[in-house]
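Letter by letter, the chains look like this.
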Amino acid sequence: MPSDNLKSYLHLHLIVFIWGFTAILGALITLDALPLVWFRMLFAVGFIAIFIYYKKLPLKVPTKVLLQFLFSGLIIALHWFTFFHAIKISNVSITLACLSTGALFASIIEPVLYGKKIVPYEVFFGLLVIVGLYIIFNVEGNYFLGIITALTSAFLSALFAVINSRLVKTYDATVISFYELSGGVVFFSFLLLFFGSFSVEFFQLSMKNLLYLLILSSVCTAYAFIASTAVMKFLSPYTVMLTINLEPIYGIILAVIIFEDKEKMSLGFYIGAVIILLTVLLNAIIKSRKAIKE
């Protein structure tokens, strides 16, 4: 694997570990999913704006491109909303395991949107992920609504990865992240206004929630979001999505350690998770060998 690709792949694994911890923070924060995501994006935009000012990065982009950024921001905002909502109505383990279907969604979305040739082994690995998920469905059927919500989140995540993979080839990752997260804040602000959610109580955060939100918005969002966008310059959307399948492994291990009995699942659940992990490793090996031959 070329040097830049290898560095990006290792960097992506660090990011995915951070994302696994994101689910833990989502469970610890007592806010509902919508205000949680709104505060997360708002704080993250602030952190990114400081970074842009420090680096003196130019923010001017064509109007058409700006609209693309804003649309992508809506997608990622909806992804996070469904992600945290799934955690609230099920648990961390179920939600993270369902995100593994993002690999299959990505292998379908990219050919549909951009006419890319379908790669048979990508579809095969995506189907293996589905096998793992099927096992989880059978043994954890009482979390049906949480599973459906998490699958929706996985689809939105894959769609975002495919769209963003084209944008990062031309524009700076930090600038893209700034506009996308700003777009998410704007869209969700209108939604909160529509439902009359903005009130004095809405902005009264406990110290614990505030601390968790600051960690979530800085390390798990501002840093991870910019970094994940940057690595897309060297990795395909499918590789990104399939590597993200490690997020359930990292997150589930952390959840069991932190929440103990609340997150301990059946043997079948962990069998499904192992299938997902093996799929990720097989993909990494195949892509590494192909890159060396090239």
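Read on for a plain summary of the structure. What you see is a predicted model; the values in this text were computed from it and never measured. (Residues numbered from 1 in each chain as written. Predicted model: local features only at pLDDT ≥ 70, side-chain atom pairs only at ≥ 80, totals over all residues. Heavy atoms only, no water.)

## Focus on the overall build of the protein chain
How we decide: For the purposes of this entry, the term helix denotes a DSSP run of H or I that reaches at least four residues, the term strand denotes a run of E that reaches at least two, and both are numbered from the N terminus. The globule rule is 2.2 Å times the number of residues to the power 0.38, and the radius of gyration it is compared with is taken over C-alpha atoms. A simple rule labels every residue: compare its accessible area, found with a 1.4 Å probe on the protein chains alone, to the largest value its type can have, and call it buried under 20%, exposed over 50%, or partly exposed in between. Residue contacts are defined here by distance: any two heavy atoms, one from each residue, within 4.5 Å place the two residues in contact. Only the protein chains shown count as covering a residue, and every accessible area follows the Shrake-Rupley method with a 1.4 Å probe. The charged-residue count follows a simple rule in which Lys and Arg add positive charge and Asp and Glu add negative charge, with His and chain termini not counted at all. Just so you know, the charge point we use is NZ for Lys, CZ for Arg, CG for Asp and CD for Glu.
Along its length, the protein chain carries 12 helices and 0 strands. Its C-alpha atoms give the protein chain a radius of gyration of 19 Å, within 12% of the compact-globule value 19 Å for 294 residues. Taken over the C-alpha atoms alone, the protein chain extends approximately 50 × 45 × 30 Å along its principal axes. For the protein chain, the proportion of its 294 residues judged to be buried stands at 53%. Pairs at least 24 apart in sequence give 89% of the contacts found in the protein chain among residues at least 6 apart. Here the protein chain has roughly 13600 Å² of accessible surface; of this, 72% comes from carbon and sulfur atoms. Looking at charge distribution, the protein chain has the averaged site of its 19 positive side-chain charges lying 11 Å from that of its 13 negative ones.

## A word on the packing of helix H2 (residues 33-55) against helix H9 (residues 207-231)
We count it as follows: Working convention: axes come from line fits to C-alpha atoms, limited for helices to the stretch in contact. Angles between N-to-C directions cover 0 to 180 degrees. Relative orientations are named as follows: roughly parallel for angles under 35 degrees, roughly antiparallel for angles over 145 degrees, roughly perpendicular for angles from 65 to 115 degrees, and oblique for any other angle. Left-handed describes a crossing in which the near helix is turned anticlockwise from the far one by less than a right angle; the clockwise case is right-handed. When residues are grouped by polarity, Ala, Val, Leu, Ile, Met, Phe, Trp, Tyr, Cys and Pro land in nonpolar, Asp, Glu, Lys and Arg in charged, and all others, Gly among them, in polar.
One way to put it is that H2 packs onto H9 with a least axis distance of 8 Å and a crossing angle of 60°. Taken together, the axis directions place H2 and H9 in an arrangement best described as oblique. For the pair H2 and H9, the sense of crossing is right-handed. When H2 is examined against H9, the residues Leu36, Phe39, Arg40, Phe43, Ala44, Phe47 and Ile48 are found in contact with a partner set consisting of Leu210, Leu213, Leu214, Leu216, Ser217, Ser218, Cys220, Thr221, Ala222 and Ile226. Its residues assigned to classes, the contact of H2 with H9 comprises 13 nonpolar, 3 polar and 1 charged.

## Comments concerning the nonpolar core
The condition is simple: For this analysis, a nonpolar core means a set of buried residues of the types Ala, Val, Leu, Ile, Met, Phe, Trp, Tyr and Cys, connected via side-chain atoms within 4.5 Å.
In this structure, Met41, Trp80, Phe84, Val92, Leu181 and Leu216 are the most contacted members of the largest nonpolar core, which totals 75 residues. If you tally residues by element for this core, the top one is H2, at 11 residues. Excluding residues within four positions of it along the chain, leucine 181 makes contact with Met41, Ala44, Val45, Ile48, Trp80, Thr221 and Phe225. Membership of the second largest hydrophobic core comes to 12 residues, among which are Ile94, Leu133, Ile147 and Met265.

## Comments concerning a nonpolar patch on the surface
Where we set the bar: Think of a patch as exposed residues, more than 30% relative accessible area, with no salt bridge, where like charges cluster within 9 Å and nonpolar side chains (Val, Leu, Ile, Met, Phe, Trp, Tyr) cluster within 5 Å. In the sections that follow, a salt bridge refers to a side-chain nitrogen of Lys or Arg positioned within 4 Å of a carboxyl oxygen of Asp or Glu.
A contiguous nonpolar surface patch, about 400 Å² in accessible area, is contributed by Leu14, Leu211, Ile215, Val219 and Tyr223. Ranked by the residues each element gives to the nonpolar patch, the list is headed by H9, at 4 residues. Position of isoleucine 215 among the secondary structure elements: in helix H9.

## Comments concerning the side chain of serine 93
The residue serine 93 is located in helix H4 (residues 92-98) in this model. Excluding its chain neighbours within four sequence positions, the residues that come into contact with serine 93 are Ile252, Glu263, Met265 and Phe269.

## Focus: the environment of threonine 63
With respect to the helices and strands, the residue threonine 63 is situated in helix H3 (residues 63-89). Sequence-wise, threonine 63 and threonine 101 are 38 residues apart; in three dimensions their C-alpha atoms are separated by 34 Å.

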